[in-house]
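Chain by chain, the residues run as shown.
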Amino acid sequence: MRWLLRLYPLRWRERYGEEFGAVLASQRASVGLVVDVIGGAIDAHLRPQFQPQGRNSDSNQCQREETMTLAMLQRCSAGGPKLSPSDRRIASRVTILSALGLAIASLVLTKIYRGAPPVQALIYASAPALSIVYGQTAYLRKRPRRTQAFVLGAGISGMYLFMLAVCLVANRL
Amino acid sequence: MKKSDEEVELADFGRFSEPALLILVSLADGARHGYSMTEDIEAIAGVRLGPGTLYGALARLEARGLIEPLKSEDRRNPYRLTTLGERALRARLDSMMAVARTGQRRLASA
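Structural notes, computed from the coordinates. (Residues numbered from 1 in each chain as written. Chains lettered and ligands numbered in written order. Predicted model: local features only at pLDDT ≥ 70, side-chain atom pairs only at ≥ 80, totals over all residues. Heavy atoms only, no water.)

## Quick look at the interface of chain A and chain B
Here comes step 1: Opposite the 21 residues of chain A that make contact, chain B presents 25 residues.
Here comes step 2: For the chain A and chain B pair, buried surface summed over both sides reaches about 1,800 Å², with 51% attributable to carbon and sulfur atoms.
Here comes step 3: For the interface between chain A and chain B, the tally reads 2 salt bridges.
Here comes step 4: Among the ionic pairs, E62 of chain B bridges to R15 of chain A, the shortest N-O distance being 2.9 Å.
Here comes step 5: There are 9 residue pairs in polar contact (both at pLDDT 80 or more) connecting chain A and chain B.
Here comes step 6: Within the residue set of the side of chain A that touches chain B, elements represented by two or more residues are helix 1 (10-26) and helix 2 (31-46) of chain A.
Here comes step 7: Among the elements that make up the side of chain A that touches chain B, the one with the highest residue count is helix 1 of chain A (10 residues).
Here comes step 8: Looking at the side of chain A that touches chain B residue by residue, the class counts come to 9 nonpolar, 5 polar and 7 charged. (Contact = heavy atoms within 4.5 Å. Buried area = accessible area lost by both parts, 1.4 Å probe. Salt bridge = Lys/Arg side-chain N within 4 Å of Asp/Glu carboxyl O. Polar contact = N/O pair within 3.5 Å; in protein donor to acceptor, adjacent residues only side chain to side chain. Helix = DSSP H or I, 4+ residues; strand = E, 2+ residues; numbered from the N terminus. Nonpolar A, V, L, I, M, F, W, Y, C, P; charged D, E, K, R; others polar.)

## Focus: the nonpolar core
Here comes step 1: Within the largest apolar cluster, 36 residues are counted, with the highest numbers of intra-cluster contacts made by I23 and Y55 of chain B.
Here comes step 2: Those elements giving two or more residues to this core turn out to be helix 1 and helix 2 of chain A together with helix 2 (17-27), helix 3 (34-45), helix 4 (51-63), strand 2 (79-81) and helix 5 (83-109) of chain B.
Here comes step 3: Apart from residues no more than four positions distant in its own chain, Y55 of chain B is found in contact with W12, Y16, E19, F20 and V23 of chain A together with G34 and Y79 of chain B.
Here comes step 4: Formed by 5 residues, the second largest nonpolar core is a distinct cluster that contains A121, A125, M163 and C167 of chain A. (Core = buried A, V, L, I, M, F, W, Y, C linked by side-chain atoms within 4.5 Å. Buried < 20%, exposed > 50% of the residue type's maximum accessible area, 1.4 Å probe, protein only.)

## Focus on the packing of aromatic side chains
Here comes step 1: For the structure shown, the criterion picks out 7 aromatic pairs over all chains.
Here comes step 2: Both rings, one in W12 of chain A and one in F20 of chain A, keep their centres 5.3 Å apart while their planes meet at 80 degrees; by these two values the pair is edge-to-face. Side by side, W12 of chain A and F20 of chain A carry an identical accessibility label, which is buried.
Here comes step 3: Through pairs of rings, three or more aromatic residues link up here, namely Y8, W12, Y16 and F20 of chain A together with Y55 of chain B. (Phe/Tyr/Trp six-rings, centres within 6.5 Å; stacked < 30°, edge-to-face > 60°.)

## Here we look at helix 2 of chain B
Residues three or four positions apart in an α-helix share a direction because the helix packs 3.6 residues into each turn.
Here comes step 1: Counting buried residues in helix 2 of chain B gives 8 out of 11 residues, a clear majority hidden from the surface.
Here comes step 2: Among all positions of helix 2 of chain B, only P19, A20, L21, L22, I23, L24, S26 and L27 of chain B are buried.

## Some details on helix 5 of chain B
Here comes step 1: Its 27 residues give helix 5 of chain B an end-to-end C-alpha distance of 39 Å, which sits within 8% of 39 Å, the value for a rise of 1.5 Å per residue.
Here comes step 2: Those residues of helix 5 of chain B that sit buried are G85, A88, L89, A91 and S95 of chain B. (Expected span 1.5 Å × (residues − 1).)

## Brief notes about the pattern of salt bridges
Opposite charge on two side chains permits pairing when their charged atoms draw close.
All names here are of chain A.
Here comes step 1: Counting across every chain of the model gives 9 salt bridges over all chains.
Here comes step 2: The partner of E19 in a salt bridge is R15, with the nearest N and O atoms 3.3 Å apart. Linking E19 with R15, this pair stays in helix 1, spanning 4 residues, or about one helical turn.
Here comes step 3: The exposure class assigned to E19 is buried, which follows from its relative accessible area of 4%.

## Notes on the packing of helix 2 of chain B against helix 4 of chain B
All names here are of chain B.
Here comes step 1: Packing of helix 2 against helix 4 leaves a shortest axis separation of 9 Å and a crossing angle of 75 degrees. Here helix 2 is positioned roughly perpendicular relative to helix 4, judged by the angle of their axes. Along the contact surface, helix 2 presents P19, A20, I23 and L24, while helix 4 presents T53, L54, A57, L58 and L61.
Here comes step 2: Broken down by class, the residue content of the contact of helix 2 with helix 4 amounts to 8 nonpolar, 1 polar and no charged. (Axes fitted to C-alpha atoms, helices over the stretch in contact; angles between N-to-C directions. Parallel < 35°, antiparallel > 145°, perpendicular 65-115°, else oblique.)

See below:
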């Protein structure tokens, strides 16, 4: 959980980082805790309680890091890093081909197995899976193939298993 | 009713005003470090402050001179109330007690 500290401005971390880390380590990890820490980090950026001491290299480095962190938060809130037209084009093509493949597979499997839960799950998981395909193809394009395959496989498998569980439960109702 | 400077300071904290008050109450009987404050506040008010909220309020209190850090060899830095902090806490508690007394009096006569 200590990685969350990196969201705070450098000057803030220098002042409170150690003791903040000790308090953070003493608390049980939870979504609420993560939200609290992220909220605190945004507050520390937007309403810093410290004034710059001077224009030396340290304070310049602080400012650069703060600008980078703020830019990172802005990118996250805007939906991720900026994509080039080429990234978008390739991701769109892969998504369209995947959609065609999933549509054909769904039709064939429905013809053979009718409304079996695994087939239903495939149909329900198609839309979110396609958004995963688009996102991963676009954002992980420059990553190693193994990373791409792992993230894509894990994302789609997770989505399919979730939908399969939903379908199995729905069929018992 | 005219507010004192100390009350204005605490009211100025926005969403951190309640955590700030709880921190001042926690420090009223002596210096404490962050973890100890979290435990104490949970015991007295039933609220567990997350580290983001705790240090957001601590930074504001320190910046306004209501609390001050003490030297420590440990990485857990203790804090204590300043004279200004003590006055601010006293003023805030007096104001809350006046509101509580009025509320109880009105409930009793209803």
